[in-house]
2 protein chains.
Amino acid sequence: MGDLAGNMRKVESLLGSAKVNGVDVLVLPELANSGYVFNSRDEAIGLSEEVPAGPFSKLLQTFSKQDRLVVSGICEREGTNLYNSAAALGNGKLLATYHKVHLFNREGEWFLPGDKEPPVFEYGGFKFGLMICFDWAFPEMARVLTLKGAQVILHPANLVLPYCQNAMITRSVENRVFTATANRIGRERSMTFSGVSQVTSPRGEVLVRVGAMDEGLFWVDVNPSDADDKMITEYNHVLNDRRPMIYKRLTRVS
Amino acid sequence: MGDLAGNMRKVESLLGSAKVNGVDVLVLPELANSGYVFNSRDEAIGLSEEVPAGPFSKLLQTFSKQDRLVVSGICEREGTNLYNSAAALGNGKLLATYHKVHLFNREGEWFLPGDKEPPVFEYGGFKFGLMICFDWAFPEMARVLTLKGAQVILHPANLVLPYCQNAMITRSVENRVFTATANRIGRERSMTFSGVSQVTSPRGEVLVRVGAMDEGLFWVDVNPSDADDKMITEYNHVLNDRRPMIYKRLTRVS
């Protein structure tokens, strides 16, 4: 918590390991620059940075220059606003930033919620979508990303509830997409994070799932195009079979 | 398949057992009167009935008269239209009928899809919602039912894919509702049904889950009011935290 320099060193070492191992898409956890459990908005501001001008963003940018995509959670300052953000950097460029839409627990005391659809961007001929941690609990988010064309949902997280890993299997199945959840481990002040980072496939397979205390770099080879097959049976397409007229209540603003 | 009289006898015996055991809410599988695997629309018509005028409906109605709620899948004929329906009968009255919205596999060759929101009805001071089988794959459905006030989702099924039971845990967690899936077992013509009927709680607990070949009556005592607590954390309400403006894409009709 709050150890900006220590977090930088740890991430730098992970990035080095990712390079050595030829990882070309890397997901880091939520708020990887700052830590999660703030005591006040002022504390959070002191641990935030501008994206992509800040030092943590620059570190990611350097890594991304050699044909790599990296997505990380960042405590982001934009003017006087603070966001729980995910930034995607590929080939040295900022490809997308996402401001977390569904704020968890006390986050609303320091962060503003995002007010835009989660982004989908192209990298290496494939389409990636971003969501952060607690967004898992809102099936609307993975659905929106899929309708926007995401083949892979990259999902930085600092999870504390026990439901997400299982739910992400369902997100994969109902949308026929890959998901990659990078979760944090260990304790910080009052909270314990649940680890168990994982990657799921459009068929609901768990391709990688690490332990609750496993720290490090884990990967799997996938072909994102597998997510283009939306047929869950010979007759059923998970998107075309949707009945938006019947879902009208979902977008009513009360 | 197609053994109307045999199906009636089997259901009658189950209803008897439910009475003896004091079951007050009973869910039967999808298409419990007719069987699932039709070869033609004509065959399906021959095995259909009007609801609640038909003999299978009348059997359910009689059972429901003594302070009971029963929900069953029925192959329903309405004029010249056929529907894959769920009927809810309580205290001798038809409380709700639902025409399956998301048709599975070849169902569209004989059934018309429903074109209305899934229903929520009151019984015994509690609110129940209906969906059928493949509706599990569309998170929009359980969400609509929850937004309409359902505390318990009753879910007749004839499942063949392996994902639903796990997905229903997620439906429970993301909506903080109970779900009860009554699934079929065994083989019929070309299809094998996966059994594993279950009941899940608003906290994602599996309260009952039977085996893939278990046939019979299984129950659990629950208090549907537990579903009124929508707080997934001290700060997060699974419905009030929704951001409908950001979900607009979900109800776009292309």
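The preceding data block contains the structure.
This structure is a prediction, so every number in the text was calculated from the model and none was measured. Along each chain, the written sequence defines residue order, and numbers are assigned to residues from 1. To label them, take the chains in the order written and letter them from A, then take the ligands in the order written and number them from 1. Given that the model is predicted, a residue must reach a pLDDT of at least 70 before its local features are reported, and side-chain atom pairs must reach 80 or more before they are shown or counted; all residues, however, enter totals for whole chains, interfaces and linings. Side-chain measures here rest on the full set of heavy atoms in the structure, leaving out hydrogens and waters.

Peer 1: I tried to follow the sheet that holds strand β12 (residues 206-209) of chain A on my own but got confused; where do I start?
Peer 2: Strands belonging to one sheet form pairs held by backbone hydrogen bonds; the direction of such a pair is parallel or antiparallel. Residue and element names in this part refer to chain A. Within the open sheet, the 6 strands sit side by side as β5-β6-β7-β8-β11-β12. Their pairing is mixed. The sheet terminates laterally at β5 (120-123) and β12, the two strands that pair on one side only. Between one strand axis and the next, the sheet turns by 20 degrees as a mean value, whatever way the strands run. Two residues form a contact once any of their heavy atoms are found within 4.5 Å. Under this scheme, a helix contributes an axis fitted over its contacting stretch, all axes are lines through C-alpha atoms, and angles between N-to-C directions fall in the 0 to 180 degree range. Only DSSP runs of H or I reaching four residues or more are called helices, and only runs of E reaching two or more are called strands; each is numbered from the N terminus. Against the sheet, helix α5 (residues 164-175) contacts β7 (152-156), β8 (178-182), β11 (198-200) and β12, and its axis sits at roughly 20 degrees relative to β11. Note: two strands are recorded as paired if DSSP finds a minimum of 2 bridges between them.

Peer 1: Even after reading the chapter, I still don't get the relation of the copies chain A and chain B, so can you show me in this structure?
Peer 2: Put simply, the two copies of the chain differ by a rotation about an axis and a shift along that axis. Least-squares fitting of one copy onto the other uses the C-alpha atoms of those residues that reach a pLDDT of at least 70 in both copies. Its rotation angle being 180 degrees, the transformation that places chain A on chain B also includes 0.0 Å of axial translation and leaves an RMSD of 0.0 Å. What the superposition gives is, in effect, a two-fold axis relating one chain to the other.

Peer 1: Honestly, the interface of chain A and chain B in this entry has me stumped. Any pointers?
Peer 2: Accessible area lost during the coming together of the parts is what is often quoted as the interface size. Each side of the interface is counted separately: chain A has 52 residues, and chain B has 52 residues. For the chain A and chain B pair, buried surface summed over both sides reaches about 4600 Å², with 61% attributable to carbon and sulfur atoms. Buried area counts how much accessible surface, traced with a 1.4 Å probe, disappears from two parts once they are put together, with both parts' losses summed. For chain A, the biggest contributors to the area lost against chain B are Ile246, Arg249 and Leu250 of chain A; these three give 14% of the whole. Any Lys or Arg side-chain nitrogen found within 4 Å of a carboxyl oxygen on Asp or Glu counts as a salt bridge. Summed over the shared surface of chain A and chain B, the result is 8 salt bridges. Linking Arg143 of chain B and Glu140 of chain A is a salt bridge whose minimum nitrogen-to-oxygen distance equals 2.8 Å.

Peer 1: Would you mind going over α5 of chain A with me for this structure?
Peer 2: All names here are of chain A. In this analysis, the expected span of each helix is defined as 1.5 Å times one less than the number of residues it contains. The end-to-end C-alpha separation of α5 is 16 Å, in line with the 16 Å expected for 12 residues at 1.5 Å each. Using a 1.4 Å probe on the protein chains alone, a residue whose accessible area is under 20% of its type maximum counts as buried, one over 50% counts as exposed, and one in between counts as partly exposed. Of all 12 residues making up α5, 11 are buried, and the element is well covered by its neighbours. Three or more residues of α5 are buried, namely Cys164, Gln165, Ala167, Met168, Ile169, Thr170, Arg171, Ser172, Val173, Glu174 and Asn175. At the exit of α5 stands Arg176, carrying a positive phi of roughly 55 degrees.

Peer 1: What is the right way to look at the packing of aromatic side chains in this model?
Peer 2: Between 30 and 60 degrees the pair is tilted, below 30 it is stacked and above 60 it is edge-to-face, where a pair is any two Phe, Tyr or Trp rings, Trp via its six-membered ring, whose centres lie within 6.5 Å. In this structure the tally under the stated criterion is 14 aromatic pairs over all chains. Consider the rings of Phe121 of chain A and Phe128 of chain A, whose centres lie 5.9 Å apart with planes at 25 degrees: the pair is stacked. Accessibility expressed as a relative area gives 6% for Phe121 of chain A, which makes it buried. Judged by relative accessible area, Phe128 of chain A falls into the buried class, the value being 3%. With centroids separated by 6.1 Å and ring planes inclined at 75 degrees, the aromatic side chains of Phe38 of chain B and Phe111 of chain B adopt a geometry described as edge-to-face. Separated by 73 residues along the polypeptide, Phe38 of chain B in the loop between β1 (25-27) and α2 (41-46) and Phe111 of chain B in the loop between β4 (93-99) and β5 (120-123) bring together distant segments of the chain. Residue Phe38 of chain B is classed as buried on the basis of its relative accessible area of 1%. Exposure remark for Phe111 of chain B: the relative accessible area of 3% places this residue in the buried category.

Peer 1: Would you mind going over unusual backbone geometry with me for this structure?
Peer 2: What you tend to see is this: most non-glycine residues have negative phi, and most peptide bonds are trans. All names here are of chain A. Here the bond from Val51 into Pro52 is cis, since omega is 5 degrees, no more than 30 degrees from zero. With respect to the secondary-structure elements, Pro52 resides in the loop between α2 (41-46) and α3 (55-64). With phi around 45 degrees, Leu31 is a residue other than glycine that occupies positive phi space. Topologically, Leu31 is positioned in the loop between β1 (25-27) and α2. Under the relative-accessibility criterion, Leu31 is labelled buried at 2%.

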